[in-house]
Amino acid sequence: MNTQCEHLAEPLLRTAARWPDRQALWWNGRTITYGELDASVEAIRGNLIRAGVSPGAPVGILGLKSPGLVAAIQAVLRQDAVYVPLDARLPSARIAAMVAACGIQTVVMEESGRRHESALRDAAVKSLVSTETAGVSPSRSASALNARRDDLAYVLHTSGSTGAPKGVMITHGNALAFVEWAVEHFRFERDDRLLCHAPLTFDLPVFDLYATFLLGACAVLVADTAALFPSEAVRVLREGSATSLFMVPSAIMGMMSRGGLMSKPPGSLRRLMYSGEPFPVPRLREFLEWCRGDIHVANLYGPIETNACTYFDVKSLDSTASAVPIGYPIANTEIRLIGGETELDGEVVVAGPTVAMGYWRQPELTAERWVERDGKRWYRTGDLARRDQGGRLWYAGRRDFMVKSRGFRIELEEVEAAIGRCPGVSEAIVVALPHEELGNVLYAWVTPGAVAESDVKSALKNVLPSYMVPQRVFSRQDLPRTQSGKLDRGALMRAAGEAVLE
Amino acid sequence: MNVEDAVWSALSRHLIAPLNRDHASTTQLLQEGYLDSLGIVALMFDLEKEFHLKLKPTDVGPADFENFSALVRFVSTRVAV
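Since the structure is predicted, the reported quantities are computational estimates derived from the model, not experimental observations.

A.B. asks: Hey, could you run me through the overall build of chain B in this one?
C.D. replies: On a plain count of helices and strands, chain B comes out with three helices and zero strands. Each helix (α) and strand (β) of chain B, taken in turn from the N terminus, gives the series α-α-α. Residue pairs at least 24 apart in sequence account for 64% of intrachain contacts in chain B once pairs closer than 6 positions are excluded.

A.B. asks: Sorry, what's going on with the overall build of chain A here?
C.D. replies: A count of helical and extended segments in chain A gives 14 helices and 26 strands. Expressed along its principal axes, the backbone C-alpha trace of chain A runs to roughly 70 × 55 × 50 Å. Considering chain A as a whole, with its 502 residues, one finds that 53% of them fall into the buried category.

A.B. asks: I tried to follow the environment of A:G259 on my own but got confused; where do I start?
C.D. replies: Mapped onto the elements of the fold, A:G259 is located in the loop between α9 (249-257) and β12 (271-275). Since 22 C-beta atoms lie within 10 Å of it, A:G259 is described here as buried. In this structure the C-alpha to C-alpha distance between A:G259 and A:G327, which are 68 residues apart in sequence, comes to 29 Å. In contact with A:G259, not counting residues within four places along its chain, are A:P230, A:S231, A:A233, A:V234, A:G254 and B:P57.

A.B. asks: Where do I start with helix α4 (residues 92-102) of chain A in this structure?
C.D. replies: Helical geometry note: an α-helix holds 3.6 residues per turn, so side chains three or four residues apart project in the same direction. All names here are of chain A. Within the span of α4, buried status applies to R94, I95, A96, M98, V99, A101 and C102. Lining the buried residues of α4 we find β3 (58-63), β4 (82-87), α5 (117-122), β7 (152-158) and β8 (166-171). Following α4 by one or two positions, G103 adopts a phi angle in the positive range, close to 70°.

A.B. asks: I tried to follow the sheet that holds strand β25 (residues 439-447) of chain A on my own but got confused; where do I start?
C.D. replies: The pairing of strands in a sheet happens through backbone hydrogen bonds and is either parallel or antiparallel. Residues and elements named next belong to chain A. The three strands lie next to each other as β24-β25-β26, forming an open sheet whose pairing is mixed. Unpaired on one side and paired on the other, β24 (427-435) and β26 (472-475) mark the two borders of the sheet. Adjacent strand axes in the sheet meet at a mean angle of 25° when their direction is disregarded. Bridge analysis of β24 against β25 gives nine bridges, and the strand direction is antiparallel.

A.B. asks: What is the right way to read the interface of chain A and chain B from this model?
C.D. replies: Reports often express the size of an interface as the amount of accessible area lost when the parts come together. Facing the 24 residues of chain A at the interface are 15 residues of chain B. Broken down by secondary-structure element, the contributors of at least two residues to the side of chain A that touches chain B are α8 (230-239) and α13 (453-461) of chain A. The dominant element in the side of chain A that touches chain B, judged by the number of residues it contributes, is α13(A), at four residues. Looking at the side of chain A that touches chain B, its residues break down into nine nonpolar, eight polar and seven charged.

A.B. asks: Can you walk me through the domain arrangement of chain A in this structure?
C.D. replies: All names here are of chain A. Domain annotation of chain A identifies domain 1 (10-383) and domain 2 (402-501). One C-alpha centre belongs to domain 1, the other to domain 2; they are set 29 Å apart. Counting residues at the interface gives 18 residues for domain 1, matched by 21 residues for domain 2. Going through the elements one at a time, α4 and α9 are the ones with two or more residues in the side of domain 1 that touches domain 2. Counting residues per element, the side of domain 1 that touches domain 2 draws most heavily on α9, at four residues. For the side of domain 1 that touches domain 2, the residue count by class is seven nonpolar, nine polar and two charged.

A.B. asks: What is the right way to read unusual backbone geometry from this model?
C.D. replies: Residue and element names in this part refer to chain A. In the segment running from T447 into P448, the intervening peptide bond is cis, with an omega of 0°. With respect to the element layout, P448 can be found in the loop between β25 and α13. The phi dihedral of S241 falls on the positive side, at around 50°, and the residue is not glycine. Turning to its location among the elements, S241 is positioned in the loop between α8 and β11 (244-247). Given 15 C-beta atoms within a 10 Å radius, S241 is considered partly exposed.

A.B. asks: Sorry, what's going on with the sheet that holds strand β2 (residues 30-33) of chain A here?
C.D. replies: Residues and elements named next belong to chain A. Pairing is mixed in the open sheet, where nine strands are placed in the order β2-β1-β10-β9-β11-β12-β13-β14-β15. The open sheet has two edge strands with one neighbour each: β2 and β15 (328-329). With four bridges connecting them, strand β1 (residues 23-27) and β2 associate as antiparallel partners. Paired with Q23 across the two strands is T33, which belongs to β2.

A.B. asks: Mind showing me how you'd approach the environment of A:P91 here?
C.D. replies: All names here are of chain A. If you trace the backbone, P91 turns up in the loop between β4 and α4. C-beta crowding within 10 Å serves as the criterion here: with 21 such atoms nearby, P91 is assigned to the buried category. Once the C-alpha coordinates of P91 and L460 are considered, the two residues, 369 residues apart in sequence, prove to be 9.1 Å apart. Those residues in contact with P91 that sit more than four places away from it in its chain are K461, N462, V463 and L464.

A.B. asks: Sorry if this is basic, but what is going on with the packing of helix α6 (residues 172-185) of chain A against helix α7 (residues 204-215) of chain A here?
C.D. replies: The relative placement of two packed helices comes down to the angle between their axes together with the axis-to-axis distance. Residue and element names in this part refer to chain A. The N-to-C vectors of α6 and α7 enclose an angle of 65°; their axes lie 10 Å apart at closest approach. Between α6 and α7, the angle falls in the class roughly perpendicular. Like other packed secondary-structure pairs, α6 and α7 cross with a definite hand, here right-handed. Between α6, through A175, F178, V179, A182 and V183, and α7, the contact on the second element is made entirely by V206, F207, Y210, A211, L214 and L215. Its residues placed into classes, the contact of α6 with α7 shows 11 nonpolar, no polar and no charged.

A.B. asks: Help me understand helix α2 (residues 34-50) of chain A in this model?
C.D. replies: Residues and elements named next belong to chain A. A rise of 1.5 Å per residue sets the reference length of α2, with its 17 residues, at 24 Å; its end C-alpha atoms lie 24 Å apart and thus fit the reference within 8%. Among all positions of α2, only Y34, L37, D38, S40, V41, E42, A43, I44, R45, N47 and L48 are buried. In this fold, the buried residues of α2 make contact with α1 (10-18), β1, β2, α3 (67-78), β5 (106-109) and β6 (127-130). Positive backbone phi, approximately 80°, marks G52, located one or two places after α2.

Basis of the calculations
- Residues numbered from 1 in each chain as written.
- Chains lettered and ligands numbered in written order.
- Predicted model: local features only at pLDDT ≥ 70, side-chain atom pairs only at ≥ 80, totals over all residues.
- Helix = DSSP H or I, 4+ residues; strand = E, 2+ residues; numbered from the N terminus.
- Contact = placed C-beta atoms within 7 Å.
- Buried ≥ 20, exposed ≤ 12 C-beta atoms within 10 Å, placed from the backbone.
- Pairing = 2+ DSSP bridges.
- Axes fitted to C-alpha atoms, helices over the stretch in contact; angles between N-to-C directions.
- Nonpolar A, V, L, I, M, F, W, Y, C, P; charged D, E, K, R; others polar.
- Domains from an automatic or database assignment.
- Parallel < 35°, antiparallel > 145°, perpendicular 65-115°, else oblique.
- Left-handed = near helix turned anticlockwise from the far one by under 90°.
- Expected span 1.5 Å × (residues − 1).

Encoded structure:
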């Protein structure tokens, strides 16, 4: 099977031409064929052409996961433009800020995005294009597909320590390098059905969708609202006969403990690739016992800026295991550990075809995190690791205040900056308390003591995604400090622990 | 307290941000980001306690949390069983 491509729009175009009647997507119990998906893409592309979208232009994709949104992404790519996915559940102010920062003039949106229309207009968006294609005439011109592997394909936003989200610029080649490697390594086949569980603003669906189209396989879409209910995710997995999962451990553990995943044998399931956070060993062991070796389980590591850059195939866990390694670099990728006491420990820096171009319109931050050395561009992840004698890498924490909660990456400084902008707040500090299933739960302390928790949370809802809003906001007249005068995060971590037990 | 008031009391404790009760029946709680997965679990726990219900995770789905009216309907049906 030829899985080599130059352009992210190629896989769907190629498969739709060859097998128009094959199932491309499974959505709420019905199937969408490659031919039908291709027709939707061309209709939306017609609208993009009429809106004047030119190659290289950033185009917002606003809504919740749906076949229409998948088609919109492909339509943008076929115009050699750059897509920027935006979750409709985000506050209007955050969407408007991302749109303005990216210089987006055209937004394709589905129904759930409509409530943000006025914010988009205020952010100087000129054209709003619907994903509805009924009665829309398709594009009459063939897709040129002039972009190449080094050209920008999409921008994914992630939390930023400076107080605003960062747009990570990913090329066609960055995405394809990981997809091509994983399809081969995990031996995906044309009859595979890949569960697409995470929101399209996340990096996991990039693999789910492009691997599907590359193979002529089928993606089983879990609606974003259904994904909030583990039992719904399990229902979709079973009804859609999914064969492969690429998910964050907290979502898998939810399906295990509250979704009834283990009430039946694995059925069609052949693979579990997990990423984004460590999988607690006792729960992973439970999963392995359930699948009795019939499922290929793998731990994939890598921040959005590198796609997945290491892997470890989890065949078994001995009784003394307390962690799972992040493993070995994927093909053509180099990993070094810098700043440690030896070459066997330190910060993870990555070079290779999956490493992103940089941050959108943030040259200084890009220069800080991407460094040139030995003729290569290395991304400094901020993650710490050690390498054992067998060459396996083990995750060893962070060197800054970035944490993961439910698989989402959160810079505590961004949350603190947002709280600091709330009326009446003079100082804010946020700590993350580890939680087995969720990864971390956030707690905030603010001064002065008269600040109301509801006022702060209400203000945050207008600017932050829900997973970044702290579980509790406590107000105090003063915050604890160390002898050197710095805010004492340790004392607040202990106080957060006590608050949870109350 | 009637069912509607008790559901509102529980719901408002777990909303990501305060919501005007007058708009609660036309606000899409999940699609507009007022409830997330943590809030859903905590809300189910409170509803079980308040109404002496025993809910299985498979008893609820997105339609039951679509808006405040849907949630009141869901609880009323379960209470009546």
